[in-house]
Amino acid sequence: MNERSRRGSTVRGSADAIIPPLTVVVVLLLVWQGAVSLFAPSEFLVPAPLAVARAMGESRNALLAAAWMTGSSAAIGFLIAAFIGVTLGSMLAASRFLMRGLYPIATLLQMVPLVAIAPLLVVWCGYGVRTTIASAVIVSVFPVLAATLDGMRSTDPGLVELFAINRASRVQRWWKLELPWAIPSIVTGLRISAGLSVIGAIVGEFVGAFAGDQSPVGILIVSAIRENRTDLVFAAVSVAAMVGFALFGMVSLVGWMLLRRWHASAA
Amino acid sequence: MLQRIELSHLGRVYEDGCVALAGASLELRAGSITVLVGPSGCGKTTLLRLIGGLDAPTSGRVLFHGAEGLLVQPRTAFAFQEPRLLPWRTVLANVALPLELAGVPVAERAERATAMLKRVGLGNAARKLPGQLSGGMRMRASIARALVTAPQLLLLDEPFGAVDEIARHALDDLLRSLWSELGMTVVMVTHSIVEATYVGERVVVMAPAPGRIVAEFSPQFMDRSSALRATPEFAAVTAEVLRALGEAMVEEHS
Ligand SMILES: Nc1ncnc2c1ncn2[C@@H]1O[C@H](COP(=O)(O)OP(=O)(O)OP(=O)(O)O)[C@@H](O)[C@H]1O
Ligand SMILES: [Mg+2]
């Protein structure tokens, strides 16, 4: 296959990936716009897409600042959660005792609704970005932990034996075998956590952030509701979704770069 | 320096009561190449693992005799039926793994692994990932990794069981030449009578239920090369091995 036709097929490949969802989105927006024009509900209940777009344009500086604030809290929370999740997951995978003792508790803690304990975070971390980050960490840590644990426990016993025959230390076995073996699974967990971290950050902002010169997405939503600016709420929610999508995309990209050469999931 | 390996009434009864091996005795001269052959479940893998210290016997013992009645601990390497390569490492890094785990400096291990890869005919594949190799090439990499530590004892459990017959013949030739060049003691397990007869200086026939040694052959051939497999002398020896195997199976059924 020559260079040009290969490039052509790649372009067609990404078009294949993008065009169907794009079509669906455009159709949905058209239907939404049409329904709003037809039934004319109050702007306060459901704004039309064009109204949301207008709100986005008018408040773009505030929205950009909000996206940056929420996005950076979520990203920091995500990184902390990734570190804690991989570390704890590795520890649990290494010790049957820890695993038996801690994993059920971790699973139970995971069931505690964040929204219910978010006000407590304010008590512990105070108003401000620390509560936001803590909230992001709490929601995104479990998927990474579970994925790390599962990935490591599924290590090929033949390879474990190979390491044992060569008298590998525990640390060598972890670093050179179990961790790389678990990476496909960890990447899957991280992708789930990336999206969750934005949700966690916004919940944290609802209860624990304050409005300053610039407000994060959570505060923007709350104050837009108070001002009956539903169009701005929709705009802020869209921005939050984009932030989540961007984080997810970055994690997927890093995962793909790590795995593309040897793992089928990146093919 | 290892002089001989003595297996004395080796037995292994598994926890579920299965007698995988009932009192096998065998003496292996250092530098010899021995092949264990027998039907599935006759305790070949069990015996090999006992020799390599991956498992402990429930009776009897394995003794490694050195010079002047001293006991020694030989450097031992394994190769298994599956190549057991790490899919994220290049072939070179896979072969260097045992040296890396033993703390050998980077430059030295790269040099030794490269030399061993060349020796098994994978000089050009050093930078490839295992996923890019054929089954036979993966097996060569696995053998190279076993030999990179310069073991005194090489234990092979059906190493070429998963490759096609033509590739297997080439691998058998490679094994023979590595053995005569490096001089380590080799114990290999196989299902294939042709492979056993071709590779083995000594062929040990085993039978199941309970696992035991039933016969032994020392095929003497003037010249071991691919053409040997088609000669009448070779066919005569394989027939004898086959007969021994058949007799063992009949005994079991009566
Ligand atoms: N870990 C184990 N626990 C219980 N029984 C076992 C175990 N490993 C092997 N056995 C039994 O011991 C017997 C011998 O097994 P072994 O694996 O040594 O046979 P083998 O000759 O290598 O067979 P194959 O040619 O199929 O590899 C078999 O009956 C097997 O079921
Ligand atoms: Mg076996």
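Look a little higher up for the structure.
Presented here is an overview of the structure given in this document. Bear in mind the structure is a predicted one, so any value in this text is a computation, not a measurement.

### Some remarks on the pairing of strand β6 (residues 153-157) of chain B
Moving residue by residue along a regular strand, the side chains alternate between the two faces of the sheet. Residue and element names in this part refer to chain B. Buried residues dominate β6, accounting for five of its five residues. Of the two faces of β6, the one holding Leu153, Leu155 and Asp157 and the one holding Leu154 and Leu156 are both buried throughout. Pairing of β6 with strand β7 (residues 185-190) involves five bridges; the strand directions are parallel. If you follow Leu154 over to β7, its bridge partner there is Val186.

### A closer look at the packing of aromatic side chains
Residues and elements named next belong to chain A. As enumerated under the stated definition, the model contains seven aromatic pairs over all chains in all. Where Phe245 meets Phe248, the ring centres are 6.5 Å apart and the plane angle is 25 degrees; that geometry is what we call stacked. Of the two residues, Phe245 and Phe248 both sit in helix α10 (residues 230-259), three residues apart, roughly one turn of that helix. Using a relative accessible area of 61% as the deciding quantity, one classes Phe245 as exposed.

### Side note on the packing of helix α9 (residues 217-226) of chain A against α10 of chain A
All names here are of chain A. At a closest axis distance of 8 Å, the pairing of α9 and α10 adopts a crossing angle of 165 degrees. The angle between α9 and α10 falls in the class roughly antiparallel. You can see that α9 and α10 cross each other, and the crossing is left-handed. Counting all contacts with α9, which are made through Val217, Leu220, Ile221, Ala224 and Ile225, the residues of α10 involved are Leu232, Val233, Ala236, Val237 and Ala240.

### Considerations on the interface of chain B and chain A
The interface of chain B with chain A comprises 17 residues on the first partner and 15 residues on the second. Summed over both sides, the interface of chain B with chain A buries roughly 1,600 Å², with 68% coming from carbon and sulfur. Considering only the side of chain B, the residues that lose the most area to chain A are Arg84, Trp88 and Leu101 of chain B, jointly responsible for 44% of the buried surface there. Scanning the region where chain B abuts chain A turns up three salt bridges. The partner of Arg49 of chain B in a salt bridge is Glu161 of chain A, with the nearest N and O atoms 2.7 Å apart. In this assembly, chain B and chain A are joined by five residue pairs in polar contact (both at pLDDT 80 or more). Per element, the largest residue contribution to the side of chain B that touches chain A is four residues, and it comes from helix α2 (residues 91-101) of chain B.

### Points about the sheet that holds strand β3 (residues 33-37) of chain B
All names here are of chain B. Strands sit in the order β5-β6-β7-β3-β8-β9 across an open sheet of six strands; the sheet is mixed. For this open sheet the edge positions go to β5 (76-79) and β9 (212-217), each flanked by a neighbour on one side alone. Going from strand to strand, the sheet's axes swing by 20 degrees on average, the running direction of each strand aside. The pairing of strand β8 (residues 202-207) with β9 spans five bridges and is classified as antiparallel. Looking across to β9, one finds that Val204 is bridged to Glu216. Sheet contacts for helix α5 (residues 165-182): β3, β6 and β7; angle to β7, the most-contacted strand, approximately 160 degrees.

Criteria and thresholds
Residues numbered from 1 in each chain as written. Chains lettered and ligands numbered in written order. Predicted model: local features only at pLDDT ≥ 70, side-chain atom pairs only at ≥ 80, totals over all residues. Heavy atoms only, no water. Buried < 20%, exposed > 50% of the residue type's maximum accessible area, 1.4 Å probe, protein only. Helix = DSSP H or I, 4+ residues; strand = E, 2+ residues; numbered from the N terminus. Pairing = 2+ DSSP bridges. Phe/Tyr/Trp six-rings, centres within 6.5 Å; stacked < 30°, edge-to-face > 60°. Axes fitted to C-alpha atoms, helices over the stretch in contact; angles between N-to-C directions. Parallel < 35°, antiparallel > 145°, perpendicular 65-115°, else oblique. Left-handed = near helix turned anticlockwise from the far one by under 90°. Contact = heavy atoms within 4.5 Å. Buried area = accessible area lost by both parts, 1.4 Å probe. Salt bridge = Lys/Arg side-chain N within 4 Å of Asp/Glu carboxyl O. Polar contact = N/O pair within 3.5 Å; in protein donor to acceptor, adjacent residues only side chain to side chain.

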